Amino acid sequence: MGRVPNHLFVVDDDKCFGCGACIALCPVNVLDLHNRLAVVDEKNCTHCELCIPSCPVFALDILPENSI
Ligand code: SF4
Ligand code: SF4
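Residues numbered from 1 in each chain as written. Chains lettered and ligands numbered in written order. Predicted model: local features only at pLDDT ≥ 70, side-chain atom pairs only at ≥ 80, totals over all residues.

A closer look at the pairing of strand S3 (residues 37-40)
Logical step 1: Bridge count between strand S2 (residues 31-34) and S3: four bridges; the pairing is antiparallel. Across the sheet, Leu-31 pairs through a bridge with Val-40, a residue of S3.
Logical step 2: If you look at the hairpin formed by S2 and S3, you'll find two residues sitting between the two strands, and Asn-35 has a positive phi there, around 50°. (Pairing = 2+ DSSP bridges. Helix = DSSP H or I, 4+ residues; strand = E, 2+ residues; numbered from the N terminus.)

A look at unusual backbone geometry
Logical step 1: Its identity as a non-glycine residue notwithstanding, Arg-36 has a phi of 60°, on the positive side.
Logical step 2: Structurally, Arg-36 is set in the loop between S2 and S3.
Logical step 3: A tally of 10 C-beta atoms within 10 Å means that Arg-36 is categorised as exposed.
Logical step 4: In this structure, Glu-49 takes a positive phi of about 75° despite not being glycine.
Logical step 5: Tracing the sequence through the fold places Glu-49 in the loop between S3 and strand S4 (60-64).
Logical step 6: The class of Glu-49 is partly exposed, set by 14 C-beta atoms lying within 10 Å. (Buried ≥ 20, exposed ≤ 12 C-beta atoms within 10 Å, placed from the backbone.)

Considerations on the site of ligand 1
Logical step 1: Neighbouring ligand 1 are 14 residues; Cys-26, Cys-45, Cys-48, Leu-50 and Cys-51 lie closest to it.
Logical step 2: The residue inventory of the shell around ligand 1, partitioned by class, reads 11 nonpolar, two polar and one charged. (Near = placed C-beta within 6 Å. Nonpolar A, V, L, I, M, F, W, Y, C, P; charged D, E, K, R; others polar.)

Some details on the site of ligand 2
Logical step 1: In the vicinity of ligand 2 there are 14 residues, among which Cys-16, Cys-19, Ala-21, Cys-22 and Cys-55 approach most closely.
Logical step 2: When the residues that make up the shell around ligand 2 are grouped by side-chain class, the tally is 11 nonpolar, three polar and no charged.

As for the nonpolar core
Logical step 1: Within the largest apolar cluster, six residues are counted, these being Cys-22, Leu-31, Ala-38, Cys-51, Cys-55 and Leu-60.
Logical step 2: Discounting chain neighbours no more than four positions away, the residues touching Leu-31 are Cys-22, Ile-23, Cys-26, Ala-38, Val-40 and Cys-51. (Core = buried A, V, L, I, M, F, W, Y, C linked by C-beta atoms within 7 Å. Contact = placed C-beta atoms within 7 Å.)

Some words on the environment of Leu-31
Logical step 1: The residue Leu-31 is located in strand S2 in this model.
Logical step 2: The class for Leu-31 is buried, based on 21 C-beta atoms found within 10 Å.
Logical step 3: Along the primary structure Leu-31 and Ile-52 are separated by 21 residues, whereas in three dimensions their C-alpha atoms are 12 Å apart.

Structure (structure tokens):
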């Protein structure tokens, strides 16, 4: 398992309300809260997807670069 080529891990700013659930789950600690919004150090995200189901408002996803 590694990063999905030509894809980026994204946080949907319009959905995130800063609950922090995703942050607790990231095994490589690349998620943080800034101004009640989850932000990711994307270059160091492993695309493991562990955090994605934790978000109650489905704000997390891994999307093709050219769709962002
Ligand atoms: S996909 Fe994995 S590495 Fe990336 S932010 Fe979520 S838990 Fe962390
Ligand atoms: S779990 Fe979802 S709503 Fe909560 S901080 Fe993470 S992205 Fe935002």
